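Close look at the chain arrangement
What follows is each chain in one-letter form.
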Amino acid sequence: VDKFYSVGLLITEPNSLTSAFNITNIVIMNFHGGLYLINSNNANIANNVFSFVSFSNIFYIGSGSTITNNILKFTGNLILGDGIDVLNSSNLVLLKNIISSGASYGITIAGSNNITLDNNRITDNLSYGVYISSSSAVEISKDKILSKLTANYKLKPLSNLNIHLLHNYFEQNRYGLTAKY
């Protein structure tokens, strides 16, 4: 992949609020981007398989959603991309997901609050298992993927509050867990 493709299986419009997506039991393979739920609330993303999806497999900005029992393997298609990106979000639960053999970060959290990561298995990523950062423009601009994905969405410069990590398993990531302010 030598340039950014603005495609994906599902991309919601940043300027229109969406609600109550129920995305379950889907196999997503060989896409340039998976699910991009931007300005989307009360979504249920469960029991899906993502394989060889470049860029972000699940990209989420919203509130009140669950991301449960998904399998994400070879995220970034071994070149560039994250498993799950959570930005400017609140009241989100990531439960029992398996993220393995990724090109970049397993899970990124930026400028979000009341986020629970429980019983996820994150292994063999080339970079961070979990990366927690502020949503400041400076931090986002340092990230090749996030800066392109958020180009048309005005992020609020928020700090992270109430990020709960419970019973997660990390193995063979370059770095396990990193949190920046």
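**Notes on the overall build of the protein**
- Secondary structure assignment for the protein yields two helices and 20 strands.
- Counting all 181 residues of the protein, 50% fall into the buried class.
- Counted over contacts in the protein with a minimum sequence separation of 6, partners at least 24 positions apart contribute 54%.
- When the accessible surface of the protein is summed, it comes to about 8400 Å², and 52% of that surface belongs to carbon and sulfur atoms.

**Points about the side chain of Asn125**
- Position of Asn125 relative to the elements: it lies in the loop between strand 16 (121–123) and strand 17 (128–133).
- Polar side-chain contacts of Asn125 include one of 2.9 Å to the side chain of Asn173.
- With residues near it in sequence (within four places) discarded, Asn125 still touches Thr75, Ile99, Ser101, Gly102, Ser104, Gly106, Gln172, Asn173 and Arg174.

**Points about the sheet that holds strand 19 (residues 169–171)**
- Across the sheet, six strands lie side by side as 4-7-10-13-16-19; this open sheet has parallel pairing. Each edge of the sheet is formed by a strand with only one pairing partner; in this case those strands are strand 4 (27–29) and strand 19. Strand-to-strand, the axes of this sheet are offset by a mean angle of 5°, without reference to chain direction.
- Where strand 16 lies against strand 19, three bridges are found, and the strand directions are parallel.

**Examining the packing of aromatic side chains**
- Within the structure shown, the criterion is met by six aromatic pairs.
- Plain terms: the ring middles of Phe52 and Phe74 are 4.6 Å apart, the flat faces sit at 10° to each other, and that makes the pair stacked. Separated by 22 residues along the polypeptide, Phe52 in the loop between strand 7 (49–51) and strand 8 (58–63) and Phe74 in the loop between strand 10 (71–73) and strand 11 (84–87) bring together distant segments of the chain.
- Here Tyr105 and Tyr128 contribute two aromatic rings whose centre-to-centre distance is 5.2 Å and whose plane-to-plane angle is 70°, an arrangement assigned as edge-to-face. Remark: Tyr128 occurs in strand 17 and Tyr105 occurs in the loop between strand 13 (98–100) and strand 14 (107–110); sequence separation between them is 23 residues.
- The class for Tyr105 is buried, based on a relative accessible area of 15%.
- Taken together, the ring pairs in this structure connect Tyr105, Tyr128, Tyr131 and Tyr175 into an aromatic cluster.

**Here we look at the nonpolar core**
- Membership of the largest hydrophobic core comes to 24 residues, with the highest contact counts inside it found for Ile84, Leu94 and Ile107.
- Counting residues in each nonpolar core, the second largest holds seven residues, with Tyr36, Phe55, Leu87 and Ala110 among its members.

**Examining unusual backbone geometry**
- Notably, Asn69 is not glycine yet its phi reads approximately 55°, a positive angle.
- Here Asn69 is to be found in the loop between strand 9 (66–68) and strand 10.
- Phi is positive for Asn114, which is not a glycine, with a value near 55°.
- Along the chain, Asn114 falls in strand 15 (residues 113–118).
- Judged by relative accessible area, Asn114 falls into the partly exposed class, the value being 30%.

**Overview of the confidence of the model for the protein**
- Here the protein averages 85 in pLDDT, and 82% of its residues register 70 or above.
- Under a pLDDT of 50 for its full length, residues 1–6 has, in the predicted model, eleven contacts with residues more than four places off or in other chains.

**Things to note about a nonpolar patch on the surface**
- Side chains of Leu9, Ile26 and Phe31 sit close together on the surface and give an oily, nonpolar patch of about 210 Å² of accessible area.
- Given the relative accessible area of 37%, Leu9 is considered partly exposed.

**Describing the environment of Ile109**
- Along the chain, Ile109 falls in strand 14.
- With 70 residues separating them along the chain, Ile109 and Ala179 place their C-alpha atoms 9.2 Å apart.
- Residue contacts for Ile109: discarding those within four places in its chain leaves Val86, Ile115, Leu117, Tyr131, Ile132, Ser133, Asn160 and Ile163.

Here is what the cut-offs are and how they apply
- In this convention, every chain numbers its residues from 1, walking through the sequence in written order.
- At least 70 in pLDDT is required for a residue's local features to be given in this predicted model, at least 80 for side-chain atom pairs to be given and counted, and no such filter applies to totals for whole chains, interfaces and linings, which use all residues.
- Computation of side-chain values covers all heavy atoms of the structure but excludes hydrogens and water.
- Runs of H or I in DSSP of at least four residues are treated as helices and runs of E of at least two as strands, each being numbered from the N terminus.
- For each residue, the accessible area found with a 1.4 Å probe, counting protein chains only, is set against the maximum for its type, and the residue is called buried under 20%, exposed over 50%, and partly exposed in between.
- The contact rule is simple, with two residues in contact once any of their heavy atoms fall within 4.5 Å.
- Shrake-Rupley sampling with a 1.4 Å probe provides the accessible areas, and residues are treated as covered by the protein chains on show and by no other component.
- Here a polar contact is taken to be a pair of N or O atoms separated by no more than 3.5 Å, where protein atoms must pair a possible hydrogen donor with a possible acceptor and residues adjacent in sequence count only if both atoms sit in side chains.
- A pair of strands is considered paired only if DSSP assigns at least 2 bridges between the two.
- Axis definition: a line fitted to C-alpha atoms, limited for helices to the stretch in contact. Angles are taken between N-to-C directions and run from 0 to 180 degrees.
- Aromatic pairing here means that ring centres of Phe, Tyr or Trp (its six-membered ring) are within 6.5 Å. Orientation follows from the plane angle: under 30 degrees is stacked, over 60 is edge-to-face, and everything else is tilted.
- We call a set of buried residues a nonpolar core when its members are Ala, Val, Leu, Ile, Met, Phe, Trp, Tyr or Cys and they connect through side-chain atoms within 4.5 Å of each other.
- For every residue, the predictor reports its confidence as pLDDT, a number between 0 and 100.
- What makes a patch is a set of residues exposed beyond 30% relative accessible area and free of salt bridges, joined within 9 Å when like-charged and within 5 Å when nonpolar (Val, Leu, Ile, Met, Phe, Trp, Tyr).
- Any Lys or Arg side-chain nitrogen located within 4 Å of an Asp or Glu carboxyl oxygen qualifies as a salt bridge.

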